[in-house]
Amino acid sequence: MDMAESEPMCPERLVMEHVTSRWGTLALIALLERPYRFSELRREIGRVSEKMLAQTLRTLERDGLVHRDAKPVIPPRVDYSLTGLGREAAEQVRDLALWTERRMAAVERAREAYDAAGARTTTASGVTASGPPS
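Comments concerning the pattern of salt bridges
Scanning all chains against the criterion turns up five salt bridges. Across the pair D79 and K71 runs a salt bridge whose closest N-O atoms are separated by 3.3 Å. Take D79: its relative accessible area is 11%, and that puts it in the buried class. Two residues, R94 and D95, come together in a salt bridge whose shortest N-O distance is 3.9 Å. Members of the salt-bridge network, linked through shared partners, are D69, K71, R77 and D79.

The following block contains the structure:
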């Protein structure tokens, strides 16, 4: 194990990872609309397992981005909403998602040009490889 593997990840990078994860991004954007119950949020996001969504929400709650409100009723009711900090992060992530939607055609054109040119790439170790992987 080298030194980099044994060092803890910097806190900013860890939060960035939580906010920009696949399910973190989708949960934050959905919660911008309104508070959701767990099952509603899961349906809104789509294609996320119960376990993964629960883990994502727990992580975002720990980071202070999501508020979990468990009501003492039968059956149990738990609502999730954004904190002020979470709303700030969610707005940034939503703007990036909107930019991606607006600029996707340009990204696709760039990919096609890259693939058509059989672009040469240099790896981090300095080794040059020709074209995209086959």
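Looking at the pairing of strand β2 (residues 66-71)
Of the pairings in the sheet, the one linking β2 to strand β3 (residues 77-82) comprises six bridges and is antiparallel in character. In the strand pairing of β3, K71 is matched with R77. Between the end of β2 and the start of β3, which pair antiparallel, lie five residues.

Here we look at the packing of aromatic side chains
All told, the structure shown has one aromatic pair when counted by the stated rule. Directly above the aromatic system of Y36 lies the positively charged group of R34, at a separation of 3.9 Å from the ring centroid.

A look at unusual backbone geometry
Residue P75 is reached from I74 by a cis peptide bond, and omega for that bond is -5°. Along the chain, P75 falls in the loop between β2 and β3. The backbone of R47 shows a phi angle near 55°, a positive value even though the residue is not glycine. Judged by its relative accessible area of 79%, R47 is exposed.

Let's talk about the nonpolar core
Ranked by internal contacts, the top residues of the largest apolar core, which has 23 residues, are L28, L41, L57 and V66. Mapped onto this core, the elements with two or more residues apiece are α3 (22-33), α4 (38-45), α5 (50-62), β3 and α6 (84-117). Looking at this core element by element, the count peaks at six residues for α3.

With respect to the packing of α3 against α5
A packed helix pair is summarised by two numbers, namely the angle formed by the two axes and the spacing between the axes. In the contact formed by α3 and α5, the axes pass within 10 Å of each other and the chain directions differ by 70°. In terms of axis orientation, α3 runs roughly perpendicular to α5. Here α3 contributes W23, G24, A27 and L28 to the contact with α5, which in turn contributes M52, T56, L57 and L60. Of the residues assigned to the contact of α3 with α5, the class counts are six nonpolar, two polar and no charged.

About the thresholds
- Residues numbered from 1 in each chain as written.
- Predicted model: local features only at pLDDT ≥ 70, side-chain atom pairs only at ≥ 80, totals over all residues.
- Heavy atoms only, no water.
- Salt bridge = Lys/Arg side-chain N within 4 Å of Asp/Glu carboxyl O.
- Buried < 20%, exposed > 50% of the residue type's maximum accessible area, 1.4 Å probe, protein only.
- Pairing = 2+ DSSP bridges.
- Helix = DSSP H or I, 4+ residues; strand = E, 2+ residues; numbered from the N terminus.
- Phe/Tyr/Trp six-rings, centres within 6.5 Å; stacked < 30°, edge-to-face > 60°.
- Lys NZ or Arg CZ within 6 Å of the ring centre and 35° of its normal.
- Core = buried A, V, L, I, M, F, W, Y, C linked by side-chain atoms within 4.5 Å.
- Axes fitted to C-alpha atoms, helices over the stretch in contact; angles between N-to-C directions.
- Parallel < 35°, antiparallel > 145°, perpendicular 65-115°, else oblique.
- Contact = heavy atoms within 4.5 Å.
- Nonpolar A, V, L, I, M, F, W, Y, C, P; charged D, E, K, R; others polar.

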